[in-house]
Amino acid sequence: MDLRTTYMGIELQHPIVASASPLSASVANIKRLEDAGASAVVMFSLFEEQLRHESASLEYLMTAGTESFAESLSYFPEIEDYTVGPDSYLELLRQASNAVDIPIIGSLNGITNTGWIEYAQLMQEAGAKGIELNIYYIPADLTTSGREVEERYIEIVKAVKAAVTVPVAVKLSPFFSAIGSMAKALDDAGADGLVLFNRFYQPDFDLDTLEVAPNLQLSASDEIRLPLLWIAVLYGRLRASLAATRGVHTPVEVVKYLMAGADAVMTTSALLKNGIDYLTTLRDGLKAWMEMRHYDSVAQMKGSMSQRNVADPTAFERANYIKTLESYRSDYS
Amino acid sequence: MTERQVTTIDGNEAAAYVAYRVNEVCTIYPITPSSTMAELADQWAAEGIKNIWGTVPLVMEMQHEGGAAGAAHGALQTGALTTTFTASQGLMLMIPNMYKIAGELTSAVFHVAARSLATQGLSIFGDHQDVMAVRPTGFCMLASSSVQEAHDMALIAQAATLEARVPFIHFFDGFRTSHEVNKLTLLTDDEMRAMIRDDLVLAHRARALNPDRPFIRGTAQNPDVYFQSRETVNPFYAKVPEIVQAAMDKFAGITGRTYHLFDYFGDPQAERVIILMGSGTETARETAAHLNQHGERVGVVQIRLCQPLSAPDFLATLPASVKSIAVLERTKEPSASGEPLYLEIVNLLMEAHAAGTLPTPALPRIIGGRYGLSSKEFTPAMCKTVFDELRKNQPKNHFTVGIVDDVAHTSLDVDPSFDIESHKVVRAMFFGLGADGTVGANKNSIKIIGDDPEFFAQGYFVYDSKKSGSQTVSHLRFGPDPIRAPYLVQSANFIGVHQFNFLDRGDVLKRAAPGAVVLLNTSPHEPEEAWDRIPRPVQEEIIAKKLEIYGINAEKVARDNGMGTRINTIMQTCFFAISKVLPRDKAIDKIKYSIKKSYMRKGEEVVRKNFVAVDNTLVNLRQIAVPAQATSTRQLPPVVPAAAPAFVQNVTAMMMAGRGDELPVSALPIDGTYPSGTTKWEKRNISNFVPIWEPNICIQCGNCSMVCPHGVIRSKFYNEVGLADAPQAFKTAPIDARGFPEIRYTLQVYLEDCTGCGLCVEVCPAKSKEQANRKAINMAHKEPVLENERANITFFETLPEVDRGRVDFSTVRGVQFLPPLFEFSGACAGCGETPYLKLLSQLFGDRLLVANATGCSSIYGGNLPTTPWSVNSEGRGPAWSNSLFEDNAEFGLGFRLTADKHLTYAQELLRALAPQIGEDLVDDLINAEQVTETDVRRQRGRVAELKQRLKELPDPRVQHLLSIADQLVRRSVWIVGGDGWAYDIGSSGVDHVLASGRDINILVLDTEVYSNTGGQMSKSTPLGAVAKFAAAGKQIGKKDVALQAISYGNVFVARVALGANPQQTLLAFREAEAYPGPSLILAYSHCIAHGINMQRGLDQQHLAVESGHWPLVRYNPAVRESGENPFILDSGRPKIPLKQYAYNEVRYKVLAHTNPQEAEHLMELGQQAINQRWSVYEEMAARGGATFQPKFKP
């Protein structure tokens, strides 16, 4: 049974990758992910905005109220060796890269061009085998056009690609008018991988306090449908690798994603819910499923149900919608 | 030898730098103004900086200075080179150990930033009262007069003590030297090694207690030998002067800096000489030099070794031409025939006269005088006055200089116009707000200029007495020669006014020299609009003095460049641009270099913002044209309103206006007694944003009023007829209660007293149904509503106070109607402590006695000029006092003892006089219950009736009964302080008082850190939090004082957090007060020292409880009495991990930035500790009442 796959030019022992999550916040956990069988680990995201905010807020709060009153001219000890900025992230990346044999992929969310480029370079220097650009952008400004948003994505990819030699993936949003065209554009811009799709923060309301409340729920299995659709559509039509993320809770979703055409399948929610060791269950479950159905390799099943390889390619397009409606009518009525 | 380094630091750092390097152990405890020495020692140890023998000294914080001295004594007795740092009351606590250390001939140096003692009032400022008070201990004393000397004498003292075997105090003037920033040459480690003889260090160790060659030291001695034993030390003291001078000579050989036991400065043929020590010598010698240049013949003797005072050396120093001498002292000994140095010099000269060894042909005339107490300025003009006095035939003895004493007429008249400031020196003054970063920028400018080999620099900073909205005044000098001017700038050629409204407050241009340059932050106006907005008298001064004015709208520039309200870098850039101290481009480069150096570790974002601000500053700087005539019609506003009482008008207002120095002795209370409730006359207007009430949204819950730290939100309900004369803009709403259609409700915000903390808005639960971001109280610009609200407040105050008998004391909603008798304090904006004190004053204020430990609460509670403890409409209110830091529990217990004794005595007299007074009244007075407010008010009625009846009685016992009759109304005695007091310095007192069984209440305002002295670790500081003295994160968990107190069984204990559960807080306060035995309330107080956004302080309190860090509990012995479980858990099981609470606070977060692994480790331990404690609490809460200690009758 050959479970190997290639993602962004990196050979992986099998397709199941631990995606960006708090689980990668320590070397110990990253080692556990490796021991549990992850074929690669995408680190949690380095948020440029957060670093900037943290730097400014730390300075503000350390100095608030100082030099105002004769008895308390400061409130904290003078500490020389702060690590504000990307240092602690990079150090973790460096240590993790040395501690494990599987590839570690850095994840980056920037807000400035300098940030994207500089941090990507630093991640490469720290040992990242690849970089995932977690472009997380909600165009709340009503004067920003869709085209401008797309151009921003493309510019970032071009800039980072020009700055690093390791492969670069883009984790992208499903909210483009034409995902296919966008994927193609990113592919043309040099992206080595596309990760479908980012789960955007969608706030909830707290009716007791009448406040907007952060509400980050773990994904559910039925969320695979949107990525499944687009991976199936994009399979075989781009140079970039495809990675699926969202809704991977059982080996069944892994199989579906691979059949749609994913080169790698990423999971977080299942691990947060069931623990890191659940990765072994997913990998072994994939293997068992393949054995039961007599598949020889991942390569064999990859894309086997993509748009170009299914009997009815239109099932992925508009007709799909109609078919869904039709299927509600019972065959027996 | 390594290369000498020149640097610009303050006196504390200068002394600590040496002390740390020539010792092995530092036992420390924070006290102003010496704390910095201890903090630096701790910080250096944390950074692994080694002493001259290549090992990192061990630094240990103790529970108080007595502990620090005790531990130092122990460390010394076992052979470690040991030092400590202290001041004032701290030194007082060390006295017993100092006798021991000296009696045992122990080599040690204690470094003291000399400070006033607490007498009629506390003062944190500098004089020599503390060091003079320890003269008899046997410590020798070496005085430094400057930052460089504080550095050098620290080493000379250490070298001398090792050789002499007698301990030394090395002292310098608190604040004036400890906090003055000046340029100095640092000693190298090699130089220090060359000064400290290793054979003497080894001898010190060889004398130590050691079980391998044991002996006994510290015996109890009897009349047969104690006396003789006491005399054994004489030869050691006799050698001290010679040893110290030898050390000074050796030092001179190594460093080229020459010192003597006494140094003479002035004309060799001087006839008039001033003798003094400390920073004043610098002023005196510069003045003498100036006078001598103008034909006078005067001189100054600077005393360095003041204890023992060497007669031969002194006589050798004194010019033979001297005819009259003035001994100036920075101390006061009210019952002595003269201050100590004076007496020493008189004695010395008399003995020399008798022995025929005087250097002078005749005995000079000697007078003594006092100067500079509590950092009172000592200027060249005052020196000249003393020299002039010495010229008189009958000069005044036992004089004072620097004040006007119109009572005992001790003072000399000073001509303030005398000035010796050099024209070669740039003399700059900067008026800023604490929050705007002015002082920090100036310290930075001093470094920038001081680092230039062509310049010398000096900086000294004056802060006002408030913790929020405080004004700072920086006094900077830069020049080509060393700067010896330890007094404020007398005549400034540059003045920076960093807040436009300062022009309204006091005379900021008073010290401007003619033609001086003035830099004005014109915000909120543009520079072009500024002139017309300057008050007329200030315009006239500008024109008369021909001042050159520059302006910048600094807040706008700051805002536009992402700097928020921090205008420091902008104003600093302007200063360099227009003062021309350095070439402009060079200065800008240096500012940027310095920004990078200071902020790099804090992240590039901070550096970037500052760089941009620098670049954008100069384009916005404008010169403001000064017309020939004043154009403004606006006069300076009065300091206090005309309605203020006479004392406030005549005394308080002078202090408020920065003219307290002008107050004569007769104006001041003789025994430290001041009127209550004076903050209300000081409309500080420190916030441009204030809360505005929305009556239509408000649900009248009282939460905003409850949490307001400054007492600016008041509520009343009243009959609608009261609105007849209401101003049109007066806000009112129907009271939210059924059945009272005629009753109205008003929430009135005292805008001018508000600090803009925003806690009221945060806590408000009511939101607009149309717009979720509008609450029943919202922050808004003050200016547009100010005039209307002033009228509203005036009207609101005419509405009758709510009858306390109609108030529901048991709910937050009800308590809002009780007027706070703690109002408008100068605490930090959003303070977490003050709402508890305000609540205390609302509930029990009219019969409240407060003993307040020194700390934040004694400062915002009792720091002049204005104080917040107030009185109600009947003239009753909290009687408040601060004794000391260490004795507060005992001090408060004393209040109770008086109350108990006088109550008993009054009852005895009542019984004795019952037939004359009336049996029924007496019976009621003695036996009536006093639990509820109604009970108390009835008792007040009875006492009034009693007084009436007593008036008519001829019995001689009547006067006694009248004098204590008020005690028949149950007094509420509260002992208040912070955790530094309750957990550390006052811990044994707290314990003893809790064990007393008396009806006292202890309120601990627990900020988990020494807040007032700047964030040092206490035993309340939680595991993993970073604090001064715990730079690597506190390694030990906080003490559970609640469980300790519960173990007595008869102590009421509560742990409360207003932000988490105000109702529980209220309940706990009322139960504690009602309980007739000892009570302890531990109140979570968020604090600026936590490194939090203070606006979110209440949220943090909530999270502290949610995480289990601060479980809410009550232990009520009264419940135990009824057989029930007295231990009640008022908060639920921890719902969130400790991290979720802790990492909102810099005190925890900073460790994650410095040592992430350690932070994680400590956080894990902290979580385990929470889990473990919770299981103990849960088990206790589930037990049967019988498993607890039985209740003992108080």
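Going by the structure above, here's the rest.
Residues numbered from 1 in each chain as written. Chains lettered and ligands numbered in written order. Predicted model: local features only at pLDDT ≥ 70, side-chain atom pairs only at ≥ 80, totals over all residues.

### Here we look at the environment of Lys332 of chain B
Residues and elements named next belong to chain B. Basically, it comes down to this: Helix numbers and strand numbers start at the N terminus; a helix is a DSSP run of H or I with at least 4 residues, a strand a run of E with at least 2. Whether two residues are in contact is decided by their C-beta atoms, placed from the backbone, lying within 7 Å.
By secondary structure assignment, the location of Lys332 is in the loop between β13 (324–329) and α13 (340–355). Lys332 sits 204 residues away from His128 along the chain, and the two C-alpha atoms are 8.5 Å apart. Excluding its chain neighbours within four sequence positions, the residues that come into contact with Lys332 are Gln129, Arg370 and Leu373.

### A word on the sheet that holds strand β5 (residues 109–114) of chain B
Residue and element names in this part refer to chain B. The test is simple: Two strands form a pair only when DSSP identifies at least two bridges running between them. Every angle, taken between N-to-C directions, lies between 0 and 180 degrees, and every axis is a line fitted to C-alpha atoms, over only the stretch in contact when it is a helix.
The strand order across the open sheet built from seven strands is β3-β2-β4-β5-β7-β6-β12, with neighbouring strands paired in mixed fashion. A single partner strand is all that each edge strand has here, and the edge strands are β3 (58–61) and β12 (305–307). Sheet twist, expressed as the average angle between the axes of neighbouring strands with direction ignored, equals 25 degrees. As defined by bridge partners, strand β4 (residues 82–86) adjoins β5 across four bridges and the pair is classed as parallel. Residue pairing in the sheet places Thr86 in a bridge with Val112 of β5.

### With respect to the packing of helix α19 (residues 568–579) of chain B against helix α21 (residues 604–617) of chain B
Residues and elements named next belong to chain B. Note the following rule: For classification purposes, an angle smaller than 35 degrees is called roughly parallel, one larger than 145 roughly antiparallel, one from 65 to 115 roughly perpendicular, and anything else oblique. Helix crossings are classified by the rotation of the near helix relative to the far one: an anticlockwise turn of less than a right angle makes the crossing left-handed, while a clockwise turn makes it right-handed. In the scheme used here, Gly and all other residues not listed as nonpolar or charged are polar, with Ala, Val, Leu, Ile, Met, Phe, Trp, Tyr, Cys and Pro taken as nonpolar and Asp, Glu, Lys and Arg as charged.
In contact at an axis separation of 9 Å, α19 and α21 are set at 40 degrees when each is read in the N-to-C sense. What the angle tells us is that α19 and α21 run oblique. Two packed elements cross with a definite hand, and for α19 against α21 that hand is right-handed. In this structure, α19 contributes Thr569, Ile570, Thr573 and Cys574 to the contact, and α21 contributes Asn610, Ala613, Val614 and Thr617. In terms of residue class, the contact of α19 with α21 is made up of four nonpolar, four polar and no charged.

### A few points about the interface of chain A and chain B
In this assembly, 30 residues from chain A lie in contact with 40 residues from chain B. Top element by residues in the side of chain A that touches chain B is helix α2 (residues 48–63) of chain A. It accounts for seven residues. Along the lines of polarity and charge, the residues of the side of chain A that touches chain B split into 15 nonpolar, eight polar and seven charged.

### What to know about helix α27 (residues 834–844) of chain B
Quick note on the threshold: Neighbour counting defines burial: a residue surrounded by 20 or more other C-beta atoms within 10 Å of its own C-beta is buried, one with 12 or fewer is exposed, and intermediate counts give partly exposed, using backbone-placed C-beta atoms.
Most of α27 of chain B sits inside the fold, with 11 of its 11 residues counted as buried. Along α27 of chain B, the residues classified as buried are Thr834, Pro835, Tyr836, Leu837, Lys838, Leu839, Leu840, Ser841, Gln842, Leu843 and Phe844 of chain B.

### Observations regarding unusual backbone geometry
Residues and elements named next belong to chain B. Each neighbour pair has its own omega, and for Gln307 with Pro308 the value is -5 degrees, a cis peptide bond. The topology assignment puts Pro308 in the loop between β12 and α12 (311–317). A cis geometry characterises the amide bond from Ser523 onward to Pro524, with omega recorded as 10 degrees. A positive phi angle, close to 45 degrees, is found at Ser88, a residue other than glycine. Take Ser88: it is sitting in helix α4 (residues 88–103).

### What about the nonpolar core?
Counted only if it meets this: Joining buried Ala, Val, Leu, Ile, Met, Phe, Trp, Tyr and Cys residues through C-beta atoms within 7 Å gives a set, and that set is a nonpolar core.
In terms of nonpolar packing, the biggest core is built from 319 residues, with Ala41, Ile156, Ile274 and Ile1081 of chain B touching the most fellow members. The biggest single contributor to this core is helix α6 (residues 147–164) of chain B, with 11 residues. Here Ile274 of chain B is in contact with Ala284, Val300, Ala326, Leu328, Cys383, Val386 and Phe387 of chain B, once residues within four sequence places are set aside. Judged by nonpolar contacts, the second largest core, of 90 residues, contains Tyr7, Leu23, Tyr153 and Tyr257 of chain A.

### A word on the sheet that holds strand β25 (residues 733–734) of chain B
What holds strands together in a sheet is hydrogen bonding between their backbones, with the strands either parallel or antiparallel. Strands sit in the order β24-β26-β25 (chain B) across an open sheet of three strands; the sheet is antiparallel. For this open sheet the edge positions go to β24 (713–719) and β25 of chain B, each flanked by a neighbour on one side alone.

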